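Here is how the chains run, residue by residue.
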Amino acid sequence: MYLKTLHLRQFRNYEAQDVAFDAPKTILVGNNAQGKSNLLEAVELLSTLKSHRVNRDRDLVLDNHAIAQITATLERDSGTLDLALTLRSQGRRTVAINGQSVKRHLDFLSILNVVQFSSLDLDLVRGSPAERRHWLDRLLIQLEPVYAYMLDQYNRVLRQRNALLKRGPMAGTTPEELAVWDAQLAVAGARVLRRRDRVIERLEPLARMWHQSISGSRETLNITYQPNIEPPSKQQQRWSRWPPEQVQQAFLTKISTRAIAERSQGLTLVGPHRDDVIFTINQTPARQYGSSGQQRTLVLALKLAELQLIESVIGEPPLLLLDDVLAELDPHRQNQLLQAISERFQTLITTTHLGAFDHQWLQQSQILMVEQGK
Ligand code: ATP
Ligand code: MG
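Residues numbered from 1 in each chain as written. Chains lettered and ligands numbered in written order. Predicted model: local features only at pLDDT ≥ 70, side-chain atom pairs only at ≥ 80, totals over all residues.

**Student:** Before we move on, can you summarise the pairing of strand β10 (residues 276–281) with the specific residues and values?
**Tutor:** In summary, the side chains of a regular strand alternate between the two faces of the sheet. In the sheet, strand β9 (residues 221–226) pairs with β10 via six bridges, with the strands oriented antiparallel. Residue Y225 lies in a different strand from β10, and its bridge partner there is V277. The turn linking β10 back onto strand β11 (residues 284–285) is made up of two residues, and N282 within it adopts a positive phi angle of 45°. (Pairing = 2+ DSSP bridges. Helix = DSSP H or I, 4+ residues; strand = E, 2+ residues; numbered from the N terminus.)

Have a look at this one:
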């Protein structure tokens, strides 16, 4: 897929900006706080309807304005599409495809597929389990947009169940009332868990290959989805291989063992909202392992694996957004990245200085100077 144009109206620090992408690589160069990341964020929003930087739409609208608009022309194998997202400092956002308003936002997700790689992604290795869950969820939504709906459903059940637990037996929450939500949590939780495990299973061999190629070593990368429930048997650790009913039963079993703790804390302690993803290199957890350079290698391998996986599932190469990462990579890793993305993947890259790029990059690239939202 190829993003041909992008139009920003009162988005972040952009008053009005039209961009045409004329080369497979676009380098956005400029000083700090000029709007480079904001432009990538606009593309991310068109893809996932989420920004990894903020939750509130009002932060995305130019200060003292009511409405922001992001529109773009996208070329896919199936034809050309006009995408439009309108954000309001107060009120709901709206989306449209080819001028037609789209009621179910699910239908807008992943028409534009992107893989994002920023310096913040080191948190994937170093950060809390929540960072890894969000990463996995974002990837899953791209591969299978209906997952966004499953996740929503799970979170809804979770909120309801938490509210009941918080109210407690004194306020009349009966065990029967709670049991209804246990069952729903198990059903919705099993759906989320099995899909997350399945995507890890597909990503792992790709990431392992990239990791060996970038690090130039025989070290073995393993990625494991770690739920907080016990598998029905130790023989089969792959959650996606268990029928949904058995995974649901595993949830119910665990919930029953945590009942007292849940009541006293007024919180749901069992479920995919508390799961983690574990990266190990030669059996050693990567979080504790090695230098930040090694952790960066791991994240780079994950991102390249994501690109490959999305391409194979979608059948078209996704866009790559690189925010401030190139300067952090040594020449060997830069080169690996360059070769891996080749001509096939349209790439938008931000940087504060062009010195970080070699001749080959510059030759392939369109260079845009960014200054004060222009
Ligand atoms: P760096 O090199 O530091 O990463 P950058 O060019 O990527 O810089 P951005 O994050 O794209 O910078 O832009 C930040 C600028 O946008 C800041 O000056 C910030 O004040 C401004 N900004 C962010 N949100 C809004 C908004 N809603 N309205 C107006 N300006 C905004
Ligand atoms: Mg930035």
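Moving on, there is more to tell.
**Student:** Outline the packing of helix α4 (residues 146–167) against helix α5 (residues 175–215), listing residues and values.
**Tutor:** One can describe the packing of α4 onto α5 by two numbers: an axis separation of 9 Å at closest approach and a directional angle of 150°. Accordingly, the angle class assigned to the pair α4 and α5 is roughly antiparallel. Where α4 crosses over α5, the handedness of that crossing is left-handed. Side by side, α4 and α5 meet where Y147, M150, L151, Q153, Y154, V157, L158, Q160, R161 and L164 of the first sit next to E177, L178, W181, Q184, L185, A188, G189, R191, V192 and R195 of the second. Grouping the constituent residues of the contact of α4 with α5 by class yields 12 nonpolar, four polar and four charged. (Axes fitted to C-alpha atoms, helices over the stretch in contact; angles between N-to-C directions. Parallel < 35°, antiparallel > 145°, perpendicular 65-115°, else oblique. Left-handed = near helix turned anticlockwise from the far one by under 90°. Contact = placed C-beta atoms within 7 Å. Nonpolar A, V, L, I, M, F, W, Y, C, P; charged D, E, K, R; others polar.)

**Student:** I'd like to hear about the UniProt feature "binding site: ATP" (unreviewed entry) in the chain, residue by residue, with values.
**Tutor:** Taken from the UniProt record, the annotation "binding site: ATP" (unreviewed entry) applies to G30, N31, N32, A33, Q34, G35, K36 and S37. The class of G35 is buried, set by 23 C-beta atoms lying within 10 Å. When neighbours within four sequence positions are excluded, G35 is seen to be in contact with R12, N13, Y14, V370 and G373. The topology assignment puts S37 in helix α1 (residues 36–48). With residues up to four places along the chain from it excluded, the contact list for S37 reads D323 and T350. (UniProt positions renumbered as here; feature names shortened; annotations may be inferred. Buried ≥ 20, exposed ≤ 12 C-beta atoms within 10 Å, placed from the backbone.)

**Student:** Explain the sheet that holds β10 residue by residue, including any values.
**Tutor:** Strand order in this open sheet of three strands is β9-β10-β11, and the pairing throughout is antiparallel. A strand with exactly one partner marks an edge of an open sheet, and here the two such strands are β9 and β11.

**Student:** Let's hear about the site of ligand 1: which residues, and what values?
**Tutor:** Taken together, 17 residues sit near ligand 1, with N13, N32, K36, S37 and N38 positioned nearest. With three residues, α1 is the single largest residue contributor to the shell around ligand 1. Residues of the shell around ligand 1, tallied by class, amount to four nonpolar, nine polar and four charged. (Near = placed C-beta within 6 Å.)

**Student:** Lay out the domain arrangement of the chain with the relevant residues and their values.
**Tutor:** For the chain, the assigned domains read domain 1 (1–113 + 316–374) and domain 2 (122–314). Taking only C-alpha atoms into account, the centre of domain 1 sits 29 Å from that of domain 2. Listed per partner, the contact involves 16 residues of domain 1 and 17 residues of domain 2. With four residues, helix α9 (residues 331–341) is the largest single contributor of residues to the side of domain 1 that touches domain 2. Classifying every residue of the side of domain 1 that touches domain 2 gives nine nonpolar, four polar and three charged. (Domains from an automatic or database assignment.)

**Student:** Hey, could you go over the environment of V325 for me, with residue numbers and the actual values?
**Tutor:** For V325, the position within the fold is in the loop between β12 (319–323) and α9. Along the chain, V325 and A305 lie 20 residues apart, while their C-alpha atoms are 17 Å from each other. Filtering out sequence-adjacent residues up to four positions away, V325 remains in contact with F117, S118 and S119.

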